[in-house]
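Examining the three-dimensional arrangement
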Amino acid sequence: MTSTHSENSSRPACRPANPCFSSGPCAKRPGWDVSALSNALTGRSHRSAEGRARLAEVIDRSAAILGIPEGWRVGIVPASDTGAVEMALWSLLGARPVDVLAFESFSSLWAQDIVSQLKLENARVLKADYGQLPDLAEVDWTHDVVLAWNGTTSGVRLPSAEAIPAKHEGLVICDATSAAFAMDLPWDRLDVVTWSWQKALGGEAAHGMLALSPRAVERLESFEAPRPLPKIFRLMGKGKLIEGIFRGDTINTPSMLCVEDALDSLKWAESVGGLAGLKARSQANLAEVAAWEAKTDWVEFLARNEAERSSTAICLRIVAPWFLALERSEQMKTVKQMVALLDKEGVAFDIASYRDAPPGLRIWGGATVEASDVSALLPWLDWAFAQVAPVTCPA
């Protein structure tokens, strides 16, 4: 007969100092506490001189750290990265045919919106299974192209800048929410880039960032979207770009607590070496998981191609034969049991794979996570797996 191990079996000696490995909202920067918000402009209008100045400071510091070229517009927009992407899709698409890369949950949602909501008849959806990218050779770069630089729910990223031709006729609209502040983005090959504070900066939710190249602005000013746009999507007024959006005059009311928190995160990012330091910290987290994965027989990266492997959304699939033999519902139940054990021990919160992804684990490896905490977590994954794995007992 079979049974499972006792929870009382030997636990690892070390615990992560910070058990927050959620993929959004993500871990706060090391050393954060609520006193970081003590100077927030609570009770003040975001349209006051001080409010505008702090919103503009978020924009300026973000652009400087990310290396956004001169001439781009960067603005704070409603509804997190989702709002920023939707604003771009609804405002810009329709002038050309569209290719959209769908290889995980959110990029698939963009494809669904383009086909089912915008109802663009000249749209192609290039699909790939979780853990893979679509064949980039099939992309028609004379079309507008919509893609995610990093698949938050699949752990797969574009391998390099060369994935996008240096010259392309259409616009490249890039969802970079789990790539910004952790990976290089080829600004000379992108036209619209979106992200949010709640990912690699460890900020709070509900606010998005939108960056537009001069080519994207030219599209906005020369092409009128053939659809009504709600106020929170409108980038144009009287045929011209609403420049105030890109100076801190937000479309709707932002949380000044969240703004203060974003500024704290950006200042911390500068203190660890800017983008180079952030990338190094994220890569160190991936290296910890990679060394463990290489010697662990029950798990492997969902992204099999190392060049396409994310250092932020680190997605793992369970490959133990007994697990693979289970129905998907039972696999999900088993993962839920593992995650509950880790939560109960206070060593890892929110690390189950995304609901649409293959059942497994997802560990956030952005720069706000310490490599020492990732290292301390990994033996606990082995422990939790041992608790749910069936063992053969003597008859």
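To be clear, the structure that these remarks concern was listed above.
The shown structure was predicted, so the numbers you read here are calculated from the model rather than taken from an experiment.

The periodicity of an α-helix, 3.6 residues per turn, causes residues three or four places apart in sequence to face the same way. When helix H4 (residues 214–222) is considered as a whole, its buried residues turn out to be Ala216, Val217, Arg219 and Leu220. End-on, the buried residues of H4 take up no more than an arc of 155 degrees, which puts them together on one face. Exposed side chains of H4 directed beyond 90 degrees from the buried face belong to Glu218 and Ser222.

As summarised here, the arrangement of the 3 strands in space is E11-E12-E13, forming an open sheet in which the pairing is antiparallel. Lying at the two open borders of the sheet, with one neighbouring strand each, are strand E11 (299–301) and strand E13 (360–364). Here the strands of the sheet are splayed against their neighbours by 30 degrees on average, with no regard to which way each runs. Where strand E12 (residues 313–318) lies against E13, 5 bridges are found, and the strand directions are antiparallel. For Leu316, the partnering residue across the bridge sits in E13 and is Leu361. Across the sheet, helix H6 (residues 274–294) touches E11 and E12, and the angle it forms with E11 is around 135 degrees. Against the sheet, helix H8 (residues 328–345) makes contact with E12 and E13, and its axis sits at roughly 40 degrees relative to E13, the strand it touches most.

So, on to the sheet that holds strand E3 (residues 98–102). Across the sheet, 7 strands lie side by side as E2-E8-E7-E6-E5-E3-E4; this open sheet has mixed pairing. With partners counted over all chains shown, the strands left at the sheet margins are strand E2 (73–78) and strand E4 (123–127), one partner each. The mean inter-strand angle of the sheet, taken between neighbouring strand axes irrespective of direction, is 20 degrees. Two strands pair when backbone bridges link them, and E2 and strand E8 (residues 207–212) are joined in this way by 6 bridges, in the antiparallel orientation. Along E8, the bridge assignment pairs Arg73 with Leu212.

Another point: unusual backbone geometry. Following Gly24, the chain continues to Pro25 via a peptide bond in cis, the omega torsion being -10 degrees. If you trace the backbone, Pro25 turns up in the loop between strand E1 (2–4) and helix H1 (49–66). The backbone of Lys119 shows a phi angle near 55 degrees, a positive value even though the residue is not glycine. Residue placement: Lys119 occurs in the loop between helix H3 (105–117) and E4. Relative accessible area serves as the criterion here: at 59%, Lys119 is assigned to the exposed category. Even without being a glycine, Ala206 presents a positive backbone phi close to 90 degrees. Among the structural elements, Ala206 can be located in the loop between strand E7 (192–196) and E8.

Quick notes on the rules
Residues numbered from 1 in each chain as written. Predicted model: local features only at pLDDT ≥ 70, side-chain atom pairs only at ≥ 80, totals over all residues. Heavy atoms only, no water. Buried < 20%, exposed > 50% of the residue type's maximum accessible area, 1.4 Å probe, protein only. Helix = DSSP H or I, 4+ residues; strand = E, 2+ residues; numbered from the N terminus. Arc of directions from axis to C-beta. Pairing = 2+ DSSP bridges. Axes fitted to C-alpha atoms, helices over the stretch in contact; angles between N-to-C directions. Contact = heavy atoms within 4.5 Å.

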